[in-house]
Amino acid sequence: MNSFSTFTLLLLLLLPILASCHEKQVYIVYFGGHNGEKALHEIEENHHSYLLSVKENEEEARSSLIYSYKHSINGFAALLTPHEASKLSELEEVVSVYKSEPRKYSLHTTRSWEFSGVEESVAPNSLNKDDLLMKARYGKDVIIGVLDSGLWPEYKSFSDEGMGPIPKSWKGICQSGDAFNFSNCNKKIIGARYYIKGYEHYYGPLNRTLDYRSPRDKDGHGSHTSSTAGGKMVPNASAIGGFASGTASGGAPLARLAMYKVCWATPKEGKEDGNTCFDEDMLAALDDAIADGVDVISISIGTKEPQPFDQDSIAIGALHAMKKNIVVACSAGNSGPAPSTLSNTAPWIITVGASSVDRTFLSPVVLGNGMKFMGQTVTPYKLKKKMHPLVYAGQVINSNVTKDLAGQCLPGSLSPKKAKGKIVICLRGNGTRVGKGGEVKRAGGIGYILGNSKANGAELAADAHLLPATAVDYKSAMQILNYINSTKSPVTYIVPGKTALHTKPAPFMASFTSRGPSAVAPDILKPDITAPGLNILAAWSGGSSPTKLDIDDRVVEYNIISGTSMSCPHVGGAAALLKAIHPTWSSAAIRSALITSAGLTNNVGKQITDASGKPADPFQFGGGHFRPSKAADPGLVYDASYQDYLLFLCASGVKDLDKSFKCPKKSHSPRGLNYPSLAIPNLNGTVTVSRRLTNVGAPKSVYFASAKPPLGFSVEISPPVLSFKHVDTKRTFTITVKARSDMMDSIPKDQYVFGWYTWNDGIHNVRSPIAVKLA
């Protein structure tokens, strides 16, 4: 080969590498916080000067800037090549430089919509919720900021009837855009903004038929979460077909709402597959929300993969919010039941799992042989009251459908000739549950039974199907298939669904709720708490259908959906009530009050279980099921300051998240953070940790310690008695955890075991979970 050919070949091999070096992508360059010394225009000029140091000229530097974060967060988002990003990351004043990843963050509604559920762990009357609401004046004048997909302002949940003037502390705006202007804000929705620069840089200009380029919600998720946290009380609300009829209300019905739209429809994907939310857009929203004057931020968004703290935009923004004493609640995620699937595990965030509510939507299947199987549905459609022909989907497929997909009712798989006029049973697996019903309808079927696969077991899914339908568990599905195979002319009838209240046991943990231990910070026990996330009725969008499917043209004001997205705003609303009662409490005190007062038993007096009936543990529910009225008077709290979190980061190996703070030479353990729970991931011998309690109950209180040690371990608390002379008196104690030599054989290897320690004064029970694993 001559030298020219060799050079050409080399060039061809190098071209992709050279191209990738110059390929520009959005990076976030993070410096930490602002100290308030510079004006906003000076901060932006400063950010430009950094860009100018790596760009060829002024024009390129200016055009590459996407956001300049100027309020609490100090940093910028810009178009950079990997080489430029690397050069900036080497500068001493830069904390971190990380790439914005499309689809890194998404909304936390479960796509599988596991609706099998039940409401509060205690009967509503015994919660004294009305007393709590009265004490908190229904959250009056507390401002809840929601990062989500927008809201539908005309719906009754967002009415400002009877509300007083907007709080003077509010500094936010009402941003106009598609089908949304200043008049859409009111004394309830006091702020609305949207953030789309990151999204549009990646996907190009927004397709205005997919979404509104404004704070208006074309998805439903944002209207649902914001009305759950702070929606007005709306009597006689129900889902399509009258299901779950009653009063729809947010946790803090007189709180003010501010919507920060950061999540958008993903091009070329169905809305039912979820939205996408970009790092740079969320950081801009968090920076604005802090400056606008919100008191609580509810974020039902997270990552599919756990992120290190210095590359997690939600964690970074939430740390700045915490510095201003804003409570941040985030969803744990819907990647369960596998362990270590949590997102949003920073200790300055309240991380919320999802549990059920005491309500089911019963719709039995009756077979021609007299057998009856209980199903669930929230479809408004009914069959004529008589027996109808029944077939298995695999018997009525088109000839080109492979055997392994025969029973799945995937789009285009059923033969109209064979399915017309029949009730079809389809099995779960591939495709969406509601989509399968859509396929039965397309093929002329008159009804649809959704059978669980073995993996789904007994957890039923209730959906707003497009035709008469119900869902049955795996065992029932197998018996229905046996009946079809044993009968010449199988027939069935689906009984119309009805709402059943006070079902037992409740709550139980949703199978989809993400589990601990935290992959990022195993020394912090997460999630913190669980709240209702199954079968939650709340406001919806007038621009979206209840199933979000293209073939569904129904419009509803309220919808029932599930996910940790739904449980997070329950805690956001509860935090707003606590803020109203205790305006001087820190965000750490509010989180502590919620964790240590949470409930561990269901409505039959037994320990909360998972969806299959096995006992659940703190890696699913944290401190337990939230009880806001108990949290309003917790007795004692585990408080923590901004500096405490920086010391925790130092101990976790993240040294420079705040450049003005120097890590101590001798690093502490991350578990030394004053947290209301205790996680010890690799116990070797004995571990002693210190904790500090602050009295927020009566003066002259005396508390006694007790412990329920994890199996095979001993737990010693010293001193075992603490006395508090005044309110705000602080006392320190130690917890020593040791593996018992006489029980080493009973301790499971490579597995966590759980226990509790509690402080009690005869009135308050201040309980903290423990998770321990041997080294």
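For clarity, every value in this text was computed on a predicted model and none was experimentally measured.

Chemist: What is the right way to look at the sheet that holds strand β33 (residues 713-718) in this model?
Modeler: As a general point, the strands of a sheet are linked pairwise by backbone hydrogen bonds and lie either parallel or antiparallel. Spatial strand order, β29-β31-β35-β33: four strands in an open sheet with antiparallel pairing. Looking at the sheet topology across the chains shown, the edges are occupied by β29 (636-637) and β33. As paired elements, β29 and strand β31 (residues 686-695) share two bridges and run antiparallel to each other. Its bridge partner lying in β31, L636 is registered against N695.

Chemist: Quick question: what am I supposed to make of helix α13 (residues 564-581) here?
Modeler: Each full turn of the α-helix corresponds to 3.6 residues, which orients residues three or four apart in the same direction. Here α13 spans 26 Å end to end across 18 residues, near enough to the 26 Å set by a 1.5 Å rise per residue. The element α13 is extensively covered by neighbouring structure, given that 16 of its 18 residues are classed as buried.

Chemist: Is there a simple way to think about empty space enclosed by the protein in this case?
Modeler: Any empty space left between atoms is shown by rolling a water-sized probe over those atoms. This structure, assessed with the given rule, holds three cavities of 30 Å³ or more. Counted as a void, the second largest cavity has a volume near 50 Å³. The wall of the second largest cavity is formed by T303, P306, Q307, F309, D312, L342, S343, N344, T345 and V520. By residue class, the composition of the lining of the second largest cavity is four nonpolar, five polar and one charged.

Chemist: Is there a simple way to explain the nonpolar core in this structure?
Modeler: Grouped burial of nonpolar side chains is what soluble globular proteins tend to show. Core analysis: the biggest nonpolar cluster contains 67 residues, and I144, I350, I529, I560, V571 and L594 have the highest contact counts within it. Of all the elements, α13 adds the most residues to this core, at eight residues. Counting 63 residues, the second largest nonpolar core, distinct from the first, contains C263, I301, I314 and A521.

Chemist: In this structure, what is going on with the packing of aromatic side chains? I would like to understand it.
Modeler: Each pair of aromatic rings is reported with the distance of its centres and the angle of its planes. All told, the structure shown has 23 aromatic pairs when counted by the stated rule. Taken together, a centroid distance of 5.9 Å and an interplanar angle of 45° make the contact between Y202 and F278 tilted. Linking Y202 in helix α6 (residues 197-203) with F278 in the loop between β12 (275-277) and α8 (279-292), this pair joins segments that are 76 residues apart in sequence. The class for Y202 is partly exposed, based on a relative accessible area of 48%. Of the residues examined, F278 reaches a relative accessible area of 2% and is grouped as buried.

Calculation rules
- Residues numbered from 1 in each chain as written.
- Predicted model: local features only at pLDDT ≥ 70, side-chain atom pairs only at ≥ 80, totals over all residues.
- Heavy atoms only, no water.
- Pairing = 2+ DSSP bridges.
- Helix = DSSP H or I, 4+ residues; strand = E, 2+ residues; numbered from the N terminus.
- Expected span 1.5 Å × (residues − 1).
- Buried < 20%, exposed > 50% of the residue type's maximum accessible area, 1.4 Å probe, protein only.
- 1 Å grid on protein atoms, 1.4 Å probe; cavity = no way out; pocket = protein on both sides within 12 Å on 5 of 7 lines; lining within 4 Å.
- Points joined across faces, edges and corners; volume = space filled by probe spheres on them.
- Nonpolar A, V, L, I, M, F, W, Y, C, P; charged D, E, K, R; others polar.
- Core = buried A, V, L, I, M, F, W, Y, C linked by side-chain atoms within 4.5 Å.
- Phe/Tyr/Trp six-rings, centres within 6.5 Å; stacked < 30°, edge-to-face > 60°.

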